[in-house]
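# Residue-level structure breakdown
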Amino acid sequence: MSYSTIAPDVWDVGFEGDPDSMLSSDQCVIKGQHFFIRGMIEIPVIGSQDVFSWGVWVSLSRDNFARAQEMWNTRGRETEKPYFGWLSTELPMYSEGTTDLKTNAHTRPLGNRPYIQLEPTDHPLAVEQRTGITLDRVREIAAAVLHPA
C-alpha cells in the first residue's frame, strides 16, 4: 500500500538538458544548487501489521546530500545519523500543504529507501504518521489518488 511521486515538486522537464541537473529514481539535483533524495513516509494501519507509505522527496543540504551519495551503496549505511531535510512533495490529500514540512531522513540497509520522519507537529500528515490510519482512510487515499477530481 503505497503511492509515490516521480520527482520533487520543483523539478521541471526543462532541467533535463542542464548539465548541472539530474533526476534518477532516488536522487535529484537542480542546477547544482538544490539537492533531493527520495524516501518513504510510513504510516501504520490501525488494527493490522500493514503500513501505508507515501514515496516522497526531501531536500537536503549540499553536505548532507554529498554524504548520502557517498554512502548510497555502502553496507552499514543505516548507522548514519539522520539527515535533516524539507519535504518537497505536495500531497493533495491534506488541506494544509505538505511542502516544506521539517523532516529527518533515516538511511536504511541497501535496497531500502530512506525512512522519512516528520517533525512531530499537529499537521495532519505528522499526526497520521505518529498515530496511524484506518483501512477506511487508506481506501479514501486510494480513491483520491487513482481518481483525482
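This one's a predicted model, so the numbers in the text were calculated from it and none came from an experiment.

Looking at the element boundaries, R67 is found in helix α1 (residues 62-71). If near-sequence neighbours (up to four positions away) are discounted, R67 is found in contact with E80 and Y83.

Turning our eyes to something else, we now look at the pattern of salt bridges. Within the structure shown, the criterion is met by 8 salt bridges. The closest approach of N and O atoms between R137 and E128, which form a salt bridge, is 2.8 Å. Judged on exposure class, the residue R137 and its partner E128 are both buried. Between E140 and R137 there is a salt bridge, with its nearest N and O atoms 2.9 Å apart. Note that E140 and R137 are positioned in helix α3 (residues 135-146) at a spacing of 3 residues, about one turn of the helix. Given a relative accessible area of 13%, R137 falls into the buried group. Connected through shared salt-bridge partners, R67, E70 and E80 make up one network.

Attention now goes to the nonpolar core. Counting residues in each nonpolar core, the largest one holds 29 residues, and the members touching the most others are I41, I43, F52, W54, L87 and L125. If you list the elements that add at least two residues to this core, you get β4 (34-44), β5 (51-60), α1, β6 (83-87), β8 (115-118), α2 (124-131) and α3. Per-element tally for this core: the top contributor is β5, with 5 residues. Ignoring anything within four residues of it in the chain, the contact list for L125 reads I41, I43, W54, L87, L91, Y94, T98, L101 and L118.

Within β5, 9 of the 10 residues are buried, which leaves the element mostly enclosed by the surrounding structure. Across 3 bridges, strand β1 (residues 2-4) lies against β5 in parallel orientation. What sits directly across from S2, in β5, is S53. Pairing geometry for β4 and β5, over 10 bridges, is antiparallel. Following the sheet pairing, P44 is matched in β5 by V51. Connecting β4 to the next strand, β5, in antiparallel fashion are 6 residues, including G47 with a positive phi near 80°. Where β5 and β6 come together, 2 bridges link them in antiparallel fashion. Bridge assignment links S59 to a residue of β6, and that residue is W86.

Our next topic: the environment of C28. Counting through the fold element by element, C28 comes out in strand β3 (residues 27-30). Contacts of C28, omitting those with residues within four sequence positions, involve P8, W11, M22, L23, H34, F35, F36, W57 and F65.

It is worth spelling out the pairing of β8 at this point. With burial as the criterion, only one face of β8 is covered, namely that bearing I116 and L118; the residues Y115 and Q117 on the opposite face remain uncovered. Judged from the 4 bridges that link them, strand β7 (residues 102-106) and β8 form a sheet pairing that is antiparallel. Each bridged residue has a counterpart across the sheet, and for T103 the counterpart in β8 is L118.

What counts and what doesn't
Residues numbered from 1 in each chain as written. Predicted model: local features only at pLDDT ≥ 70, side-chain atom pairs only at ≥ 80, totals over all residues. Heavy atoms only, no water. Helix = DSSP H or I, 4+ residues; strand = E, 2+ residues; numbered from the N terminus. Contact = heavy atoms within 4.5 Å. Salt bridge = Lys/Arg side-chain N within 4 Å of Asp/Glu carboxyl O. Buried < 20%, exposed > 50% of the residue type's maximum accessible area, 1.4 Å probe, protein only. Core = buried A, V, L, I, M, F, W, Y, C linked by side-chain atoms within 4.5 Å. Pairing = 2+ DSSP bridges.

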